[in-house]
Amino acid sequence: MAERSFAAEVKHLRLGEGEVFRGEGILAVTKALLQSGVAYVGGYQGAPISHMMDVLGDAREILDEFDVYFENSASEATAAAMLAASVHYPLRGAVAFKSTVGTNVASDALANLASGGVLGGALVILGEDYGEGSSIMQERSHAFAMKSQMWLLDPRGNLSAIVKAVEAGFELSEVSNTPVMLQLRLRSNHMSGSFVAKDNVRPPMTVKDAVEHPTRDVSRVVLPPASFMHEKEKIEQRWPAAVEYITSHGLNEFLAEGTSDVGIIVQGGLYNTLNRSLELLGVSDAFGNSQVPLYVMNVAYPVIDSEVLRFCSDKRAVLLVEEGQPDYIEQNINTILRRGGDDVALHGKDLLPIAGEYTPMAVTRGVNAFLRKHLPDMQLDEPSLLKDADDPDSPFAARVPSEVVQPRPPGLCTGCPERPIFAALKLAEKETGEHHVSADIGCHLFAINAPFHLGATTMGYGLGAAGGAALNNPEAERPSIAFMGDGGFWHNGLTSGVGNAVFNKNNQVLVVVDNDYAAATGGQDLLSSRAELPHRSTQHPIERAVRGIGVKWARTVSHTYDVAKMRDVLIEALTSKDRGPKVVVAQSECQLNRQRRVKPEQAKLAAEGKRVVRQRYGVDADTCTGDHACIRISGCPSLTIKDNPDPMRTDPVATVIDTCVGCGVCGANAHAASLCPSFYRVDVITNPSIVDKAKLGTRNRIIARLSDAVEARASKYEMV
């Protein structure tokens, strides 16, 4: 169950020649694949490309009509290896995943694919997660393209340019027998726009045709001596063919030529930011009518020598806008210019930031410095973002003292089933002592922050157990602990973590957080999901999988909100004398996905006049001690503080606000940790039955009668 359905939007994928397609970048890419006659598509979800898997899943009916095979790949390596279908057959194939972490996982398959080369067009669609909106380490895809010599497209951020890049990418791949990377930056994936559509195309050869007519070319298999010939082919045949196609089809763009004797070279994906900077400086407009010549590199690799020399031939100075480091393109262009005998002044990271996202502020500052240096007579506007941060007119001037602005690190959602797991571990460690905790990629990584402070390292998706592998000593008094999500478990954790621990008799305690979905990537279903799906096989328990690979000690806790039970199982695992890994499968559905399913169901029942019960929790202010231990052990966003209603007490009391989803972990924590009994549960009933109303009336009468006696006694002490 993905976090969003595209069932309505995918209908636009049927648009034909001349019709206007309107939608998000991901939908535009999918439409471009269909227009290009793609035969198969795969991929692994991950921001910012996650929704592409959801779109393709919702578009299965359309894909089937055109005999396009689609599957959700088990990992990025699985997806990349799918492209082997294009090695011997004229099949156009595309895969998509998050970069650069996904490209790391897929690098072995991609290297072999690039070595042997392809017959059919092979397109790797990369969700480039770089910059201020990123969730990963800051690296670029460019190095992978250079390393394996795969061509890297970086189209301008508008749907027409993106669609053109998809179509051209397949053709470029086929004419040069080389897989092509299409880099989609974070904002391009979710931008909205329009383009003129074409008819969808059935692939000339389908996957069924290829399976029924097998063929092979041994020279494409990466084994000596063929592997040595592949390197020679890359330089002598594939590269020249790619350059010829790029130049003859005008994939890179020359804009505003002849307007000045200085110019700017920019990666296609940064064009919108650059044009906005030029607009702010008064030398362009919103439609891209620049007063400065631009060379837009929609193909970031290879860099085309002849085009660079052509652009720089009549220039005194050129600025290169290349985001991130190292400065691959700047070094490349410098080499081209000096070997070509051109002494034009090339600026880049001397005027622009060496690393980090090229925001409008960063680019505007760099372009302003470049133009004032080489065109001192040009009249430039002075936007406020050029002002120093200590200038009151600057939009970046501090409005409040920095010390009062508290950091807001990411945290677990309200009602998250992972919160009680970490609360239980904190309680368990009161008895067993502290342990080294190896973390993993996923929502559970948020436990490194307050209030849990659990987790020392994270080495990659599904590598939680492997990240703690070295910290294993049979003579140590306590084992290390590792966490892994169900998404990471099925991605590669079963072999790299659990299998490795079994093989090496590692005594590590592994907690597999099974929230029913690949929740961190958008709520996609997994092998262990409990949903019944028509096109996929699910309901394969994680405990059965780990036992199948050799784990002897394994327990499944099917309701993580039972903090006391969760604590006891963890204590049992941490104190067990059994040799080998201990695996605890902590199982409860992701609360976000549950709410997406339950809320519409409850709203429908309520609208039909049927009885609906919602559970909510609260805190009795008279009982609350005000020490806030319940907050420190939970961290739930719905559990906070308010002023004490008792005028004789100054400490604020705990309270539960309206965002509560009724998971009950606050009360379970208080019970397991023996805190004050101040939590209570309320059943909120919509369309109550006669019995509900009768119970409410009876309760009110009893409470009123008991209250009368209390009020009577209290009145004796009231001051007149």
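Not measured: the values here are computed from a predicted model.

Draft legend 1. Spotlight on the pattern of salt bridges. Under the definition given, this model contains 30 salt bridges. With its nearest N and O atoms 3.3 Å apart, the salt bridge here joins Lys198 to Glu167. On the criterion of sequence distance, the pair formed by Lys198 in the loop between strand E8 (192–196) and helix H10 (207–212) and Glu167 in helix H8 (residues 159–176) is long-range, its members being 31 residues apart. Overall, the relative accessible area of 15% leaves Glu167 in the buried class. Note that Asp658 is salt-bridged to Arg616, the shortest N-O span being 3.7 Å. Here Arg616 lies in strand E21 (residues 612–619) and Asp658 lies in the loop between strand E23 (653–656) and helix H23 (665–672), a separation of 42 residues in the sequence. Owing to a relative accessible area of 68%, Asp658 belongs among the exposed residues under this scheme.

Draft legend 2. Expanded view of the packing of helix H6 (residues 101–116) against helix H11 (residues 226–248). The geometry of H6 relative to H11 is characterised by a closest axis approach of 8 Å and an angle of 60° between their N-to-C directions. Between H6 and H11, the angle falls in the class oblique. Contact residues: Ala114, Ser115 and Gly116 in H6; His230, Lys234 and Arg238 in H11. In terms of residue class, the contact of H6 with H11 is made up of one nonpolar, three polar and two charged.

Draft legend 3. A look at the sheet that holds strand E16 (residues 457–458). Strand order across the open sheet formed by six strands is E16-E15-E17-E18-E20-E19, with parallel pairing between neighbours. Of all the strands in the sheet, just E16 and strand E19 (553–557) have a single pairing partner and so form its edges. In this sheet, strand E17 (residues 481–485) lies alongside strand E15 (residues 437–439) in parallel orientation, the contact comprising two bridges. Its bridge partner being in E17, Ser438 is matched across the sheet by Ala482. Seen against the sheet, helix H20 (residues 563–575) touches E17, strand E18 (509–514), E19 and strand E20 (582–587) and runs at an angle of roughly 170° to E19.

Draft legend 4. Region of the structure containing the packing of helix H1 (residues 25–35) against helix H2 (residues 50–58). The contact between H1 and H2 brings their axes to 9 Å, and the two run at 55°. Taken together, the axis directions place H1 and H2 in an arrangement best described as oblique. In this structure, H1 meets H2 at a crossing whose hand is right-handed. Within the contact between the two elements, H1 uses Ile26, Leu27, Val29, Thr30 and Leu33 and H2 uses His51, Met52, Val55 and Leu56. Of the residues belonging to the contact of H1 with H2, the class tally is seven nonpolar, two polar and no charged.

Draft legend 5. Geometry of unusual backbone geometry. Note that the residue after Pro224, namely Pro225, is joined by a cis bond; omega there is 5°. Along the polypeptide, Pro225 turns up in the loop between H10 and H11. In the segment running from Tyr301 into Pro302, the intervening peptide bond is cis, with an omega of 5°. Mapping Pro302 onto the fold places it in the loop between strand E12 (299–301) and helix H13 (305–312). With a phi close to 55°, His453 is a non-glycine residue in the positive phi region. Looking at the secondary structure, you find His453 in the loop between E15 and E16. Positive phi, close to 85°, is recorded for Asp516, a residue that is not glycine. Residue class for Asp516 comes out buried when judged on its relative accessible area of 6%.

Draft legend 6. Region of the structure containing the pairing of strand E10 (residues 262–267). Here E10 lies mainly inside the structure; six of its six residues are buried. Residues Val262, Ile264 and Val266 point to one face of E10 and Gly263, Ile265 and Gln267 to the other, with burial holding for every one of them. In this structure, E10 lies alongside strand E13 (residues 317–321), joined through five bridges in parallel fashion. What sits directly across from Gly263, in E13, is Val318. Examined bridge by bridge, E10 and strand E11 (residues 294–297) share four bridges and lie parallel to one another. Across the sheet, Val266 pairs through a bridge with Val296, a residue of E11. At this point the chain moves from E10, through helix H12 (residues 271–280), to the parallel E11, and the crossover so formed is right-handed.

Draft legend 7. Summary view of the packing of aromatic side chains. Throughout the structure, instances matching the rule amount to 11 aromatic pairs. Each ring, one from Trp151 and one from Tyr301, has its centre 6.1 Å from the other, and the planes form 35°; the classification is tilted. One end of the pair, Trp151, is in strand E6 (residues 151–153); the other, Tyr301, is in strand E12, with 150 residues separating them in the sequence. Comparing Trp151 with Tyr301, the two get one shared label, buried. Plain terms: the ring middles of Phe489 and Trp490 are 4.9 Å apart, the flat faces sit at 85° to each other, and that makes the pair edge-to-face. You can call Phe489 buried: its relative accessible area is 0%. Looking at Trp490, the relative accessible area reads 18%, which means it is buried. The rings of Trp151, Trp239 and Tyr301 are connected pair by pair, giving a single aromatic cluster. Here the guanidinium or amino end of Arg310 rests over the ring plane of Phe254, the centre of that ring lying 3.7 Å away. Directly above the aromatic system of Trp553 lies the positively charged group of Arg555, at a separation of 4.0 Å from the ring centroid.

Parameters and conventions
- Residues numbered from 1 in each chain as written.
- Predicted model: local features only at pLDDT ≥ 70, side-chain atom pairs only at ≥ 80, totals over all residues.
- Heavy atoms only, no water.
- Salt bridge = Lys/Arg side-chain N within 4 Å of Asp/Glu carboxyl O.
- Helix = DSSP H or I, 4+ residues; strand = E, 2+ residues; numbered from the N terminus.
- Buried < 20%, exposed > 50% of the residue type's maximum accessible area, 1.4 Å probe, protein only.
- Axes fitted to C-alpha atoms, helices over the stretch in contact; angles between N-to-C directions.
- Parallel < 35°, antiparallel > 145°, perpendicular 65-115°, else oblique.
- Contact = heavy atoms within 4.5 Å.
- Nonpolar A, V, L, I, M, F, W, Y, C, P; charged D, E, K, R; others polar.
- Pairing = 2+ DSSP bridges.
- Left-handed = near helix turned anticlockwise from the far one by under 90°.
- Right-handed = clockwise from strand over helix to strand, strands pointing away.
- Phe/Tyr/Trp six-rings, centres within 6.5 Å; stacked < 30°, edge-to-face > 60°.
- Lys NZ or Arg CZ within 6 Å of the ring centre and 35° of its normal.

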